[in-house]
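In case you want the letters, here they are:
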Amino acid sequence: MGPMEIPSQYAEIIKIPAAHYAFGANFMHPKLMLFGRVLNDGRVDAGVKCALSDNLSMNADAQLTSQPHMSKGKFNIDYKGTDYRTRFKFGNGAMLGASYIQSVTPHLSLGGELVWAGEDRESNISYGARYNTDKMVAVGQIANTGNVALSYVQKVSEKVSLASDLIYNYFSRDVTARFGYDYINRQCRLRGKIDSNGCTSAFVEEWLDNGLKLILSAEVTYGLMVRVKTGTLYALKHATSQNGQPFEMGQLVDHKRKDYKFGFGFKVGE
């Protein structure tokens, strides 16, 4: 649950409460898993994961909606070798993809991925590296889209883990950083994160009884919102206000953005 922003001619944001709910069913088997969920807006999510052999598996996911051309689907085939893994994936929009990761040493793995979107006639190529020990995992990835992603997870104790990641785009010069934590004890699990956009979130799972779980979540965003509808960098540099004077950057900062979401739920069954 959380607020929904309504457009307004004034600087103050008008918010109305909005709620979402879903009904789902799962089927679990050592070699077959089925997932299904129906959302209140009419969307249907479905998935299947099947182990064809000890090394070969497949999974498929689909989202069906009444809106034209908005339904999605994808199909993956995974093969696990002794020291490597490979995946082939297919999706709507004439999407084709392949990935391969190879263990170079007991702790270091290198890999790459190629994705072709036939409908848009675009290709994405990325390369990655992973280094792991019993207490930490570090991952780095670079793509031809300009994104450089770095992540690090440290196991502090049997109950506490800390994680951080950094995403940088060398074309747009945008940077996003996040820090998170994970705490587990016998009765509950607490997870949370804070990012450089001013968003703080927490997620709590508490086991009330056998097969019954209470779920609480919260997300609060606090930061500056810059309202720029259209135009280029040149237009911004030469923009003028109503009195004919050039804009100052303070005039482009419209207001402080405050957003919040709170939710709760119960989960019955494992």
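Draft legend 1. Expanded view of the overall build of the protein. Looking only at helices and strands, the protein features two helices and 19 strands. Across the protein, every contact between residues at least 6 apart in sequence was considered, and the portion connecting residues at least 24 apart equals 20%.

Draft legend 2. Structural context of the pairing of strand β7 (residues 72-80). In this sheet, β7 lies alongside strand β6 (residues 56-64) in antiparallel orientation, the contact comprising eight bridges. Paired with Met58 across the bridge in β7 is Ile77. Pairing of β7 with strand β8 (residues 84-91) involves seven bridges; the strand directions are antiparallel. Bridge pairing in β8 links Asp78 to Arg87.

Draft legend 3. Examining the layout of surface pockets more closely. Its volume calculated, the largest pocket comes out at about 730 Å³. What lines the largest pocket is a set of 30 residues, among which Asp78, Arg85, Arg87, Ser99 and Ile101 lie closest to the centre. At the level of secondary structure, the elements contributing two or more residues to the lining of the largest pocket comprise β5 (44-51), β6, β7, β8, β9 (95-103), β10 (108-117), β11 (122-132) and β12 (136-143). Class assignment for the residues of the lining of the largest pocket results in nine nonpolar, 12 polar and nine charged.

Draft legend 4. A nonpolar patch on the surface, seen in detail. There is a patch of nonpolar side chains on the surface, built from Val156, Leu162, Phe179, Tyr181 and Ile194 and spanning about 420 Å² of accessible area. Along the chain, Leu162 turns up in strand β14 (residues 160-169). A residue is classified by how much of its surface remains accessible, and Leu162, at 33% relative accessible area, is partly exposed.

Draft legend 5. Molecular detail of the packing of aromatic side chains. Going through the model one piece at a time under the given rule, you end up with four aromatic pairs. Ring centres of Tyr84 and Tyr100 lie 5.7 Å apart, and the angle between their planes is 25°; this geometry places the pair in the stacked category. With a gap of 16 residues between them, Tyr84 in strand β8 and Tyr100 in strand β9 connect regions that are remote in the sequence. With a relative accessible area of 28%, Tyr84 lands in the partly exposed category. Its relative accessible area of 39% is what places Tyr100 among the partly exposed residues.

Draft legend 6. View of the confidence of the model for the protein. Within the protein, residue pLDDT values average 81, and 79% of them lie at 70 or more. Within the model, the stretch residues 4-16 combines pLDDT values under 50 with 21 contacts to residues more than four positions away or in other chains. Considering only residues more than four positions removed or in separate chains, one finds that residues 224-255, a stretch of pLDDT under 50, has 28 contacts.

Draft legend 7. Focus on the environment of Ala25. Structurally, Ala25 can be placed in strand β3 (residues 22-29). Taking the relative accessible area as the measure of exposure, Ala25 reaches 54% and is therefore exposed. Along the chain, Ala25 and Ala46 lie 21 residues apart, while their C-alpha atoms are 9.7 Å from each other. Ala25 has contacts with Leu34, Phe35 and Gly36, leaving out every residue within four places of it along the chain.

Draft legend 8. Representation of the environment of Gly47 in the model. Take Gly47: it is sitting in strand β5. Overall, Gly47 belongs to the buried group, its relative accessible area being 10%. In contact with Gly47, other than residues within four places in its own chain, are Met33, Leu34, Phe35, Ala60 and Asp61.

Cut-off values and rules
- Residues numbered from 1 in each chain as written.
- Predicted model: local features only at pLDDT ≥ 70, side-chain atom pairs only at ≥ 80, totals over all residues.
- Heavy atoms only, no water.
- Helix = DSSP H or I, 4+ residues; strand = E, 2+ residues; numbered from the N terminus.
- Contact = heavy atoms within 4.5 Å.
- Pairing = 2+ DSSP bridges.
- 1 Å grid on protein atoms, 1.4 Å probe; cavity = no way out; pocket = protein on both sides within 12 Å on 5 of 7 lines; lining within 4 Å.
- Points joined across faces, edges and corners; volume = space filled by probe spheres on them.
- Nonpolar A, V, L, I, M, F, W, Y, C, P; charged D, E, K, R; others polar.
- Patch = residues over 30% accessible without salt bridge, like charges linked within 9 Å, V, L, I, M, F, W, Y side chains within 5 Å.
- Areas by Shrake-Rupley, 256 points an atom, 1.4 Å probe, with all protein chains shown as cover.
- Salt bridge = Lys/Arg side-chain N within 4 Å of Asp/Glu carboxyl O.
- Buried < 20%, exposed > 50% of the residue type's maximum accessible area, 1.4 Å probe, protein only.
- Phe/Tyr/Trp six-rings, centres within 6.5 Å; stacked < 30°, edge-to-face > 60°.
- pLDDT = per-residue confidence, 0-100.

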